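Examination of the molecular architecture
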Amino acid sequence: MTWDAIPLGDIALVKGGSVDPKKHLDETFELHSIPAFDSGAPDVVAGRDIGSSKKAVQPNDVMISRIVPHIRRACVVGQANGHRQIASGEWIVFRSERVWPQYLRWVLVGDAFHSAFMQTVSGIGGSLLRARPAEVYKIRVPLPPLAEQKRIAGILDAADALRAKRRESLAQLDTLLQSTFLDMF
């Protein structure tokens, strides 16, 4: 089955606003950064502890890291926990009623997108390599009907959950084998 494809620029949040936390020293923010992504949850931080202006984001925004080697990190902004949500400049942000957030996240971590995304990278090397947003916005992604997007995302989420359970089971089995070995001797 083939679907229409849209350029990511059609759903990119180009002028979503920014926040200078230094102007809100006592306000607490939910900060989305690469280190926060790697820890599994956004940081909850006072404005005085945030060094620079950030992008304003909201629940269901989809973000992808533009910094090498952190490419293939994509996430959906979760529900607000009572604090303003902001994101560091290392994220490219997408927002649209036409796209199911989990579907877009799966597209952004997929092999086909990754191949095209890596063609947009420039810089000196190491952590100075970055995807150029203007070039990323030209990448076309498949856009099935919303119901189909939800179905696809549901299948991929279920498969991912099964992979996570398998990894956990294998880790527990490894622990059991080590314990049994130690018990025998």
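Report follows, based on the coordinates. Note that the structure is predicted; figures quoted are calculated from it, not measured.

Procedures and definitions
- Residues numbered from 1 in each chain as written.
- Predicted model: local features only at pLDDT ≥ 70, side-chain atom pairs only at ≥ 80, totals over all residues.
- Heavy atoms only, no water.
- Helix = DSSP H or I, 4+ residues; strand = E, 2+ residues; numbered from the N terminus.
- Contact = heavy atoms within 4.5 Å.
- Salt bridge = Lys/Arg side-chain N within 4 Å of Asp/Glu carboxyl O.
- Buried < 20%, exposed > 50% of the residue type's maximum accessible area, 1.4 Å probe, protein only.
- Polar contact = N/O pair within 3.5 Å; in protein donor to acceptor, adjacent residues only side chain to side chain.
- Pairing = 2+ DSSP bridges.
- Axes fitted to C-alpha atoms, helices over the stretch in contact; angles between N-to-C directions.
- Patch = residues over 30% accessible without salt bridge, like charges linked within 9 Å, V, L, I, M, F, W, Y side chains within 5 Å.
- Areas by Shrake-Rupley, 256 points an atom, 1.4 Å probe, with all protein chains shown as cover.

As for its position among the elements, Pro-42 is in the loop between α1 (34–39) and β4 (43–46). Residues Pro-42 and Ile-86, 44 residues apart in the sequence, show an inter-C-alpha distance of 9.5 Å. Excluding its chain neighbours within four sequence positions, the residues that come into contact with Pro-42 are Glu-30, Leu-31, His-32 and Ala-36.

What follows deals with the environment of Asp-10. Its place among the elements puts Asp-10 in the loop between β1 (5–7) and β2 (18–19). Along the sequence, Asp-10 and Phe-94 sit 84 residues apart, while their C-alpha atoms lie 9.0 Å from each other.

This part takes up the pattern of salt bridges. Counted according to the given criterion, the structure contains 8 salt bridges. Arg-84 serves as the salt-bridge partner of Glu-27, at 2.7 Å between the closest nitrogen and oxygen. Here Glu-27 is found in the loop between β2 and β3 (28–32), whereas its partner Arg-84 is found in strand β8 (residues 84–87), with 57 residues between them in sequence. Note on Glu-27: relative accessible area 26%, which makes it partly exposed. For Arg-84, a relative accessible area of 35% puts it in the partly exposed group. A salt bridge links Lys-138 to Glu-135; the shortest N-O distance between them is 3.1 Å.

Take the environment of Ser-39 next. Among the secondary structure elements, Ser-39 is positioned in helix α1. For the pair Ser-39 and Pro-142, spaced 103 residues apart in sequence, the C-alpha to C-alpha distance is 30 Å. A polar side-chain atom of Ser-39 sits 2.9 Å from the main-chain carbonyl oxygen of Ala-36. Among the polar contacts listed, one links the side chain of Ser-39 to the backbone oxygen of Ala-41, at a separation of 3.4 Å.

As a further point, take the sheet that holds strand β6 (residues 62–65). Taking strand neighbours across the sheet as the criterion, the 3 strands line up as β7-β6-β9 in an open arrangement whose pairing is antiparallel. Lying at the two open borders of the sheet, with one neighbouring strand each, are β7 (74–76) and β9 (91–94). On average, each strand axis in the sheet is tilted by 20° relative to the strand beside it, whichever way the strands run. Here 4 bridges tie β6 to β9, and the two strands are oriented antiparallel to one another. Across the sheet, the residue bridging to Met-63 is Val-93, located in β9. Together, β6, β7 and β9 form the strand contacts of helix α2 (residues 101–109), whose direction differs from that of β7 by roughly 175°.

Let us look at a nonpolar patch on the surface. On the surface, Leu-170, Leu-173, Leu-176 and Leu-177 cluster together to form a nonpolar patch covering roughly 380 Å² of accessible area. Relative to the helices and strands, Leu-173 resides in helix α5 (residues 146–184). Its relative accessible area of 42% is what places Leu-173 among the partly exposed residues.

Before going further, it helps to examine the pairing of β6. Taking every second residue as pointing to the same face, both faces of β6 are buried, with Val-62 and Ile-64 on one and Met-63 and Ser-65 on the other. Judged from the 3 bridges that link them, β6 and β7 form a sheet pairing that is antiparallel. Bridge pairing in β7 links Ile-64 to Ala-74.

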